[in-house]
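# Observations on chain architecture
Letter by letter, the chains look like this.
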Amino acid sequence: MNWTADFLIERRRARWEEDRDLERDRVFREVVARELVTDGELRAQVTERPERFIELLMVIVDKDKHTVPFFLNEVQRDFIGRLNRAKEDFAAGRISRIALAVLKGRQQGFTSLITAYQLASILLSRNFEGFTVTDKASNSEAIFDQKAKYPYTMLPEVVKPTEKYNNKRQITFSKLNSTWSVETATKQLGRSRTINFLHCSEGAFWPYGISATQASLGPALTKNCIEVQESTANGLNDFYTLWTGGQYIRCFYEWWRTPEYAEGFPDERERREFLAGIDDPGGDWLKARLRWLRGEKHLTPEQLHWYAKKYEGYLEKELIKQEYPCTPEEAFIASGTCVFDVEAVMRRLDAVRAASAPRAV
């Protein structure tokens, strides 16, 4: 073997940054795919870590509707790190199940990542069943068409199994006896299945709640099943109970950890005026929030500017706390009903968390 998977990923990234040439990237992927088929050691590296398959061979449509290589962003990479540690801890007997709960803001890329991970797994493994559950039928179809079918179609032919079943909700490779499917949450979900990877998307919005659906899904999960509960908040419902129950590894991702969530200024004068306005002691909620984000979270002017523009665009201003939360507590409380001052509660909890965090020595 001449190259490691990680070396090839970095090589692909470097070539893309040179010229952003999609045709050149396609040729590179074709070469790597043939190497993956013939090189057992390389294939073992990728099978052990399916995210390597994603970064080596997959493409994705970005937020500007451009097809680009699927390189993991910062929050996706952090999540994969947590998932891999959980897999290691399970194998070593330190935990009894691989279960992660993801609380996040809008469009941070988790559905794309988790769908691609499952797709890579059914291509790399025998007898693997991946299953995604969504809150409504339109989201099930969108995930299949946009997050699974298109990336699969764009893969080099040499890594595609010859026998497959491909419809609006399912991809199956009969020679591998591996399958991935997506369905809408119901009370009877999971019958006659043996699930190796369960992705519950937007569980806070499931019509019957998470608990009702879990009752039918639970017996279908293998002992080493990877379970990911991923959602934005929707008040203090089943997802909140799941988040606070201590049975899941909690993964919260603030909106500012997504690099695209920053907006520049037309000129230096507007930049100075914007920053000066934040310091206005008589300002509104937004100005107070921006001062907190700058002073406590050390956000850049461009990140603050993006947040301000997003806030101004909402007719219902409180939505920003649910869609782009700054703390887990804000996400849950702001998306429900609360008689207390949400802002005061959030700041106090954040201060307590910071004070109790271990100090570096």
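As shown above, the structure is provided for reference.
Residues numbered from 1 in each chain as written. Predicted model: local features only at pLDDT ≥ 70, side-chain atom pairs only at ≥ 80, totals over all residues. Heavy atoms only, no water.

## Here we look at the layout of surface pockets
One number sums up the size of the largest pocket: a volume of about 1500 Å³. For the lining of the largest pocket, the secondary structure elements donating two or more residues are helix 1 (5–19), strand 1 (59–61), strand 2 (67–69), helix 6 (110–124), helix 7 (137–153) and helix 13 (319–323). For the lining of the largest pocket, the element with the highest residue contribution is helix 7, accounting for 5 residues. For the lining of the largest pocket, a count of residues per class yields 12 nonpolar, 14 polar and 16 charged. If you add up the space inside the second largest pocket, you get close to 400 Å³. Taken together, 18 residues line the second largest pocket, and the ones lying closest to its centre are Thr 47, Glu 48, Lys 87, Tyr 117 and Ile 226. Of all the secondary-structure elements, those providing two or more residues to the lining of the second largest pocket are helix 3 (40–48), helix 5 (74–91), helix 6, strand 8 (195–201) and strand 9 (221–231). (1 Å grid on protein atoms, 1.4 Å probe; cavity = no way out; pocket = protein on both sides within 12 Å on 5 of 7 lines; lining within 4 Å. Points joined across faces, edges and corners; volume = space filled by probe spheres on them. Helix = DSSP H or I, 4+ residues; strand = E, 2+ residues; numbered from the N terminus. Nonpolar A, V, L, I, M, F, W, Y, C, P; charged D, E, K, R; others polar.)

## What about empty space enclosed by the protein?
Considering all chains together, one arrives at 2 cavities of 30 Å³ or more under this definition. Here the largest cavity is characterised by a volume of approximately 50 Å³. Lining the largest cavity, in full, are Arg 12, Arg 15, Trp 16, Asp 19, Asp 21, Arg 24, Asp 25 and Phe 28. Those elements that provide at least two residues to the lining of the largest cavity are helix 1 and helix 2 (22–38).

## Some words on the packing of helix 11 (residues 285–295) against helix 12 (residues 301–313)
One can describe the packing of helix 11 onto helix 12 by two numbers: an axis separation of 10 Å at closest approach and a directional angle of 155°. The orientation of helix 11 relative to helix 12 falls into the category roughly antiparallel. Handedness of the crossing formed by helix 11 with helix 12: right-handed. Here Trp 285, Leu 286, Arg 289, Leu 290, Leu 293 and Arg 294 of helix 11 come into contact with helix 12, specifically with Leu 304, Tyr 307, Ala 308, Tyr 311 and Glu 312. (Axes fitted to C-alpha atoms, helices over the stretch in contact; angles between N-to-C directions. Parallel < 35°, antiparallel > 145°, perpendicular 65-115°, else oblique. Left-handed = near helix turned anticlockwise from the far one by under 90°. Contact = heavy atoms within 4.5 Å.)

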